[in-house]
Amino acid sequence: MADTFFTPVSGMELPRFAGIPTFMRLPHVPHDHPRAGDVQIGLVGLPWDGSVSNRPGARHGPRALRDASSMIRAQNGATGVRPFELARCADLGDVGPNPVDGPDTLQRFETFFASLKARGIRPLSGGGDHLCTLPVLRGIARDAPLGLLHFDSHTDLYPAYFGGKTLTHGNPFRNGVEEGLLDPKRMIQIGIRGTTYDNVDIDFAKANGIRIVRIEEFHARGVADVMDEAREIVGTAPAYLSYDIDFVDPAVAPGTGTPEWGGPNAFQAIEVLRKARGLNIVGADLVEVSPPFDPSGNTAWLGASLMFEILCLMAEAL
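A short tour of the structure in this document, coming up. Numbering of residues starts from 1 in each chain and follows the order in which that chain's sequence is written. With pLDDT at 70 or above as the cut-off, local features in this predicted model cover only qualifying residues; side-chain atom pairs require 80 or more to be listed or tallied, and sums for whole chains, interfaces and linings still use all residues. Calculated side-chain values reflect all of the structure's heavy atoms, with hydrogen atoms and water omitted.

## A closer look at unusual backbone geometry
The step from Gly-127 to Gly-128 runs through a cis peptide bond, and the omega angle for that step is 15°. Comment: elements are numbered from the N terminus, with helices defined as DSSP H or I runs of at least four residues and strands as E runs of at least two. In this structure, Gly-128 sits in the loop between strand E3 (122-127) and helix H4 (133-140). Backbone geometry at Met-24 places phi at a positive 60°, although glycine is not the residue there. Each residue's exposure class comes from its accessible area (1.4 Å probe, protein chains only) as a fraction of the maximum for that residue type: buried when under 20%, exposed when over 50%, partly exposed otherwise. With relative accessibility at 1%, the residue Met-24 sits in the buried group. We note that Arg-25 has phi near 65°; this positive angle belongs to a residue other than glycine. By secondary structure assignment, the location of Arg-25 is in the segment before strand E1 (41-46).

As structure tokens, this is what we get:
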């Protein structure tokens, strides 16, 4: 790529343990930077976990992901994709949350992502809890609803908890459908498992035509077959990809707030993304990495690796 400004710093030029960490060692381009208008894919941190229902800590996820992502190199070893040559990518920094005001934080996030949409920048975010996805969708899906490819152990299709109105990380996609941001007929949720309170989320999915692939079906059919169906459901129209790290089995990725046993191993976690090639991913996120539960750092490293795989999909889509 002729424009070397958007090329990550190579480990051959500066050791990977040195320098200020950015996502994948990309240049930091804040909104007022003179090259901000040239960015095509913006990597963004969403350091907020004010909507978790039990174990907090994902607010520290973006920092851990940035640090781990210093290990990322220029080329996908399996697919040969060189995303930094296909698209002008940059770390746009964190969107500053209000740590004591959830609605204000959601509005701050929405405003930021609406500005990216207006400038033609496709976002790849690192969270943060899963409610962070909702304001991203509010910012980029105002014109028309998007399809959704969703990897998770939970549907996040629940109504507000305790009969109230406050949103949590358990209902971003229910609200996304109700607000017209997502097309439920082009939604597929893969990896769902664990104990439940009731069937209210499943009933919502059935009523709206959302496809749910439970983990038992995923393991029985295999990655290739499930992802063939996923590509058929999502289609070629614009779509969003949301990846909760708790999709992966906690033996591999323990650093998350709501782990569920029986999930995919690390290779399957990566393979599902490689089988999503060809989709028109206009925005994506990797959420729920929680460093307090990740003493080895392996969860953050897997999360950063998954973000690179997603970036390859987005760069090819451009």
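## Thoughts on empty space enclosed by the protein
Only protein atoms enter the calculation, which uses a 1 Å grid: trapped sets of points that fit a 1.4 Å probe without letting it out are cavities, open sets showing protein on both sides within 12 Å along at least five of seven lines are pockets, and any residue with an atom within 4 Å of a point is a lining residue. Grid points are joined across faces, edges and corners, and a volume is the space filled by probe spheres set on the points. A full pass over the atoms with the stated rule returns one cavity of 30 Å³ or more. Roughly 40 Å³ of volume is contained in the largest cavity. Lining the largest cavity are Asn-76, Thr-79, Val-81, Arg-274, Arg-277, Glu-309, Cys-312, Leu-313 and Glu-316. If one sorts the elements of the lining of the largest cavity by residue count, helix H10 (residues 298-317) sits on top with four residues. A breakdown of the residues in the lining of the largest cavity according to their chemical character gives three nonpolar, two polar and four charged. Charged residues are taken to be Asp, Glu, Lys and Arg, nonpolar residues to be Ala, Val, Leu, Ile, Met, Phe, Trp, Tyr, Cys and Pro, and polar residues to be all remaining types, Gly included.

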